[in-house]
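# A closer look at the structure
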Amino acid sequence: MNPDIHNIVILTGAGISAESGLATFRGPDGLWEGHRVEDVCTPEALARDEALVHRFYDERRAKLAEVQPNAAHQALAALDAQWPGDLLIVTQNVDDLHERAGATRLIHMHGELKSALCAACGKAVPWAAALPPGTPCDGCRKPALRPDIVFFGEMPYEMDRIDAAVRDADLFVSIGTSGAVYPAAGFVQTARHVGARTLELNLDPSAGSIYFHETRLGPASALVPDLVRELLA
Ligand code: NAD
Ligand code: ZN
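Residues numbered from 1 in each chain as written. Chains lettered and ligands numbered in written order. Predicted model: local features only at pLDDT ≥ 70, side-chain atom pairs only at ≥ 80, totals over all residues. Heavy atoms only, no water.

## Concerning helix α7 (residues 159-168)
- By the burial criterion, the buried members of α7 are Met-159, Ile-162, Ala-165 and Val-166. End-on, the buried residues of α7 take up no more than an arc of 130°, which puts them together on one face.
- In this fold, the buried residues of α7 make contact with β1 (8-12), β2 (87-91), β3 (106-108) and α8 (187-193). (Buried < 20%, exposed > 50% of the residue type's maximum accessible area, 1.4 Å probe, protein only. Helix = DSSP H or I, 4+ residues; strand = E, 2+ residues; numbered from the N terminus. Arc of directions from axis to C-beta. Contact = heavy atoms within 4.5 Å.)

## Side note on the coordination of the zinc ion (ligand 2)
- Donor atoms from the polypeptide that coordinate the zinc ion (ligand 2) comprise Cys-118 (SG), Cys-121 (SG), Cys-137 (SG) and Cys-140 (SG), at 2.3 to 2.4 Å from the metal.
- For the zinc ion (ligand 2), the 4 donor atoms are set out with angles of 104 to 116° between them, so the coordination reads as tetrahedral.
- Binding-site remark: the zinc ion (ligand 2) is held by donors from one chain whose sequence spacing is C-x2-C-x15-C-x2-C.
- When its relative accessible area of 2% is taken as the criterion, Cys-137 is described as buried.
- Given a relative accessible area of 28%, Cys-140 falls into the partly exposed group. (Donors = N, O, S within 2.8 Å, 3.2 Å for Na, K, Ca; no water. Tetrahedral: all angles 85-135°; square planar, octahedral: opposite > 155°, others 65-115°.)

## Some details on the domain arrangement of the chain
- Looking at the chain, the domain boundaries give domain 1 (1-22 + 68-110 + 155-233) and domain 2 (23-66 + 114-149).
- Centre-to-centre, using C-alpha coordinates, domain 1 lies 25 Å away from domain 2.
- Listed by partner, the interface residues are 14 residues for domain 1 and 12 residues for domain 2.
- Here domain 1 and domain 2 share an interface that buries about 1100 Å² over both sides, 54% of which is from carbon and sulfur atoms.
- Area buried by domain 1 at its contact with domain 2 is led by Leu-22, Val-94 and Tyr-157, which between them contribute 42% of it.
- Taken together, domain 1 and domain 2 are joined by 1 salt bridge.
- In this structure, the salt-bridge partner of Lys-114 is Asp-96, at a minimum N-O distance of 3.1 Å.
- The interface formed by domain 1 and domain 2 includes 4 residue pairs in polar contact (both at pLDDT 80 or more).
- Taken together, the residues of the side of domain 1 that touches domain 2 break down into 6 nonpolar, 5 polar and 3 charged. (Domains from an automatic or database assignment. Buried area = accessible area lost by both parts, 1.4 Å probe. Salt bridge = Lys/Arg side-chain N within 4 Å of Asp/Glu carboxyl O. Polar contact = N/O pair within 3.5 Å; in protein donor to acceptor, adjacent residues only side chain to side chain. Nonpolar A, V, L, I, M, F, W, Y, C, P; charged D, E, K, R; others polar.)

## Here we look at empty space enclosed by the protein
- This structure, assessed with the given rule, holds 1 cavity of 30 Å³ or more.
- The calculated volume of the largest cavity comes to roughly 110 Å³.
- Looking at the largest cavity, it is lined by 15 residues, and the ones nearest its centre are Ser-174, Thr-177, Gly-179, Ala-184 and Ala-185. (1 Å grid on protein atoms, 1.4 Å probe; cavity = no way out; pocket = protein on both sides within 12 Å on 5 of 7 lines; lining within 4 Å. Points joined across faces, edges and corners; volume = space filled by probe spheres on them.)

This is the structure in C-alpha cells:
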C-alpha cells in the first residue's frame, strides 16, 4: 500500500462480529434479537421498562461467553501490534471481541456490555454477570447501575479523541457497518475532507458507499486479513 500512510483510523460495526455468531441489527423481520430497537435501546425504554432492558443486555452479555474473535478481529489486533504509526480502532460494537483478540488502541464509542454505568454519578465499573435493576453503585451507593450502552439519543464516548484521530488520518477504513447511524456514519466525510484515503470493507455496499474511494465487498474474515497483509507488506 501507499508509503505515505502513517496514521490509520479503522471504524468497525456489527458486520465484523457476524461470523463470530453475534447478530447484526437488521434482521429480515426488522427486529433485533426479537425486539424493536426503541423497546430496548433508548433512554425512554429504560425509564419505562427497566427490567426488560436489563434482561435484554444480560442475555447479550452472557452470549459473549459462547463466541470467539474471528480472523478479522485477529488481523486488526496484529495490525495494532505491528503498525509503527498512529492507529485507532473505533468500534460501534459493544462486544469484547476486539480486545479479546488483543487490540489495545481501541475505543468503544457506543459503550460495552462488560461494563455497568451509574446513572446517578456517572461512574463506570467492569461488569461480567447479570445486572439486576436497582443494583447499587459502589461509588455513590445509589441503586442506579444500568448497562453501559450508549442508547439512541445519547452522546457517544470519546468523540473529541475520535475526531482528532480522523482529522489526522491518512487512511480511514470502515468495516462491517451499514453507515446508517450518526455520528459514526459521518467519519468518512471528515476523513475525505482532510485528504485521507477512504476504504470500505463490507458484505453489501453501505448507505455511505459513495463517500469511499474504494469499496471491497465480501466477508470480513477474508477481506480484513488481506488488507492487513497489504498494509504490513
Ligand atoms: P448494522 O447491523 O446496521 O450493519 C451491519 C453491516 O455489516 C451491514 O452493512 C452488513 O452488510 C455487514 N455485514 C454483515 N455480515 C458481514 C460480514 N460477515 N462481513 C462484513 N460485513 C458484514 O450494524 P452497525 O452498522 O454496526 O450499526 C451501527 C450502530 O447502530 C450500532 O453500533 C448500534 O449502536 C446501532 N443500532 C442500530 C440499530 C438499527 O436498527 N439500525 C439497532 C440497534 C443498534
Ligand atoms: Zn454512582
